[in-house]
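# Observations on the three-dimensional arrangement
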Amino acid sequence: MYWPTTLTALARLADSGEFAPAPVTVHAVTPTLRDYYADADPRDLEEELEYVAMTDAAEQSVRLLTAQEAPRRVVLALDVPDAAVQVERGAWSAPERSQVRLTVPLRSSDLASIHVDDAEAEDDVRAAVAALPAADAGDEDARFTVEACEGHDLLWYDAGELPLLLVAGP
């Protein structure tokens, strides 16, 4: 499961041991996402699907950012029981294609890894945040600006590095 957040929210929640109460919307490999990529090479399919779900979560992270925050997308990868996942047939477009609801809270003990933009992405993320209203209104140029963030790979951190990440920043 991939949960979009921000560094500010992560710092606030990390001490509590609970990232989000149930129900919570996260991103995962869903039947809709599988259908969307039905023609993909089966040898790389699982890894590609997971990457797309994480990318959808990263786009949602942009929507959570405010002008006062570090302009970096943050996505947490979490391991939760399959029984806690409610999957509904979503839209084919991002990010709905990978959205699921969890019936359990997200706890720090579920954390598998942390994915964060590096400093080189900040200008593109800042521009994406500014372009969101126009992109949502249908402006194709603004949508292109929002999607430009995808050109930056998120850095990977082990779950055990969370305290260091919050103190030092990526």
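That block above? That's the structure.
Residues numbered from 1 in each chain as written. Predicted model: local features only at pLDDT ≥ 70, side-chain atom pairs only at ≥ 80, totals over all residues. Heavy atoms only, no water.

### Points about the nonpolar core
Stated precisely, the cut-off is as follows: For our purposes a nonpolar core is just a set of buried Ala, Val, Leu, Ile, Met, Phe, Trp, Tyr and Cys residues, chained together by side-chain atoms within 4.5 Å. Only protein chains enter the accessibility calculation, which uses a 1.4 Å probe; a residue is then buried when its area is under 20% of its type maximum, exposed when over 50%, and partly exposed in between. Residue contacts follow a heavy-atom distance rule, with two residues in contact if any of their heavy atoms lie within 4.5 Å.
Trp3, Phe19, Leu76 and Leu106 are the most contacted members of the largest nonpolar core, which totals 24 residues. In this structure, phenylalanine 19 is in contact with Trp3, Leu10, Leu13, Ala14, Leu76, Leu78, Leu106, Arg107, Ser108, Leu111 and Leu162, ignoring residues within four places of it in sequence.

### Comments concerning the pattern of salt bridges
Formally: Any carboxyl oxygen of Asp or Glu within 4 Å of a side-chain nitrogen of Lys or Arg constitutes a salt bridge here. Each helix is a run of DSSP H or I of at least 4 residues and each strand a run of E of at least 2, with the numbering of both proceeding from the N terminus.
Counting across every chain of the model gives nine salt bridges. Residues arginine 72 and glutamate 122 are paired through a salt bridge, measuring 2.7 Å at the closest nitrogen-oxygen approach. On the criterion of sequence distance, the pair formed by arginine 72 in the loop between α3 (45-64) and β4 (74-78) and glutamate 122 in helix α4 (residues 122-136) is long-range, its members being 50 residues apart. Where glutamate 147 meets arginine 143, a salt bridge forms, and the shortest distance between an N and an O atom there is 3.2 Å. One end of the pair, glutamate 147, and the other, arginine 143, are both in helix α5 (residues 140-147), four residues apart, so they sit about a helical turn from each other. Taking relative accessible area as the criterion, glutamate 147 reaches 37% and is therefore assigned partly exposed. Its relative accessible area of 18% is what places arginine 143 among the buried residues.

### Concerning a negative patch on the surface
Counted only if it meets this: A patch is a set of surface residues, each over 30% in relative accessible area and not in a salt bridge, joined within 9 Å for like charges and within 5 Å for the nonpolar side chains Val, Leu, Ile, Met, Phe, Trp and Tyr. In this description, accessible areas are obtained by the Shrake-Rupley approach with a 1.4 Å probe, and a residue is regarded as covered only by the protein chains that are shown. His residues and chain termini do not enter the charge count, which takes Lys and Arg as positive and Asp and Glu as negative. Charge positions come from single atoms, namely NZ of Lys, CZ of Arg, CG of Asp or CD of Glu.
Residues Asp44, Glu47, Glu48 and Glu50 make up a contiguous surface patch of negative charge. Relative to the helices and strands, glutamate 50 is located in helix α3.

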